[in-house]
Amino acid sequence: MVSDNDDQIILSKIEILKNEGNGHFKENRLPDALNSYSAAFDVANEHVNDGIENLAQLSSTVLSNRAMCYLKQADRNGDDELLQNCVKDCTSALDLLSGNRTKRT
């Protein structure tokens, strides 16, 4: 278990990366947005069992944002693998919100 101060540092790192991804998304730089959202989720996933309050909700938001990137890219080029990634991220986001907080890939 990490301290409350450590919790805030971890949540801040995730939030910064998520906001960076949001900026890329707004500028239609989808690969950069995907990288930022993936980095944010990687940080969150490292701490999934640390009992950090609001981590599941923030992780779910990051996954939903990343799913939107996959969907947008799939729409542009018809790539079924990107659609599968979108569905996977959406499912994982819903699992996190429903309390199934197992480590994700």
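See the structure above.
Calculation criteria
- Counting of residues starts from 1 at the beginning of each chain's written sequence and follows it residue by residue.
- Reporting in this predicted model follows two pLDDT cut-offs: at least 70 for local features of residues, and 80 or more for side-chain atom pairs to be given and counted; totals over whole chains, interfaces and linings ignore these cut-offs and use all residues.
- With hydrogens and water stripped out, all remaining heavy atoms of the structure feed into the side-chain values.
- Numbering of helices and strands runs from the N terminus; a helix is a DSSP stretch of H or I covering at least four residues, while a strand is a stretch of E covering at least two.
- For a compact globule the rule gives 2.2 Å times the number of residues to the power 0.38, and the radius of gyration it is set against comes from C-alpha atoms.
- Buried residues are those whose accessible area, probed at 1.4 Å on protein chains only, stays under 20% of the maximum for their type, while exposed residues exceed 50% and partly exposed ones sit between those limits.
- By the convention used here, residues are in contact when the closest approach between their heavy atoms is within 4.5 Å.
- For every accessible area listed, the method is Shrake-Rupley and the probe measures 1.4 Å; residues are considered covered only by the protein chains on display.
- Here Asp and Glu are counted as negative and Lys and Arg as positive; His is not counted, and neither are the chain ends.
- Working definition for charges: the position is that of NZ of Lys, CZ of Arg, CG of Asp or CD of Glu.
- Any carboxyl oxygen of Asp or Glu within 4 Å of a side-chain nitrogen of Lys or Arg constitutes a salt bridge here.

**What to know about the overall build of the protein chain**
Within the protein chain, the secondary structure is distributed over four helices and zero strands. Each helix (α) and strand (β) of the protein chain, taken in turn from the N terminus, gives the series α-α-α-α. Taken over C-alpha atoms, the radius of gyration comes to 14 Å for the protein chain, in line with the 13 Å a tight globule of 105 residues would show. Counting over 105 residues, the protein chain shows a buried share of 40%. Sequence-distant contacts, at least 24 apart, represent 62% of the contacts inside the protein chain between residues at least 6 apart. As displayed, the protein chain has an accessible area near 6,200 Å², and 48% of this comes from carbon and sulfur atoms. In the protein chain, which carries 11 positive and 17 negative side-chain charges, the distance between the mean positions of the two groups comes to 3 Å.

**Comments concerning the pattern of salt bridges**
Here the structure, examined in full by the defined rule, presents three salt bridges. In this structure, the salt-bridge partner of Asp-32 is Arg-29, at a minimum N-O distance of 3.7 Å. Look at Asp-32 and you get partly exposed, because its relative accessible area is 34%. Accessibility expressed as a relative area gives 35% for Arg-29, which makes it partly exposed. Between Arg-66 and Asp-89 there is a salt bridge, with its nearest N and O atoms 2.6 Å apart. Taken as a pair, Arg-66 in helix H3 (residues 55-77) and Asp-89 in helix H4 (residues 80-97) lie far apart in primary sequence, 23 residues in all. Across the pair, exposure class does not vary: Arg-66 and Asp-89 are buried alike.

**Re unusual backbone geometry**
Working note: non-glycine residues mostly have negative phi, and peptide bonds are mostly trans. Here Asn-28, not a glycine, exhibits a phi torsion of approximately 65°, which is positive. Secondary-structure assignment places Asn-28 in the loop between helix H1 (4-26) and helix H2 (30-46). Assessed through its relative accessible area of 37%, Asn-28 is described here as partly exposed. The phi dihedral of Asn-54 falls on the positive side, at around 75°, and the residue is not glycine. As for its position among the elements, Asn-54 is in the loop between H2 and H3.

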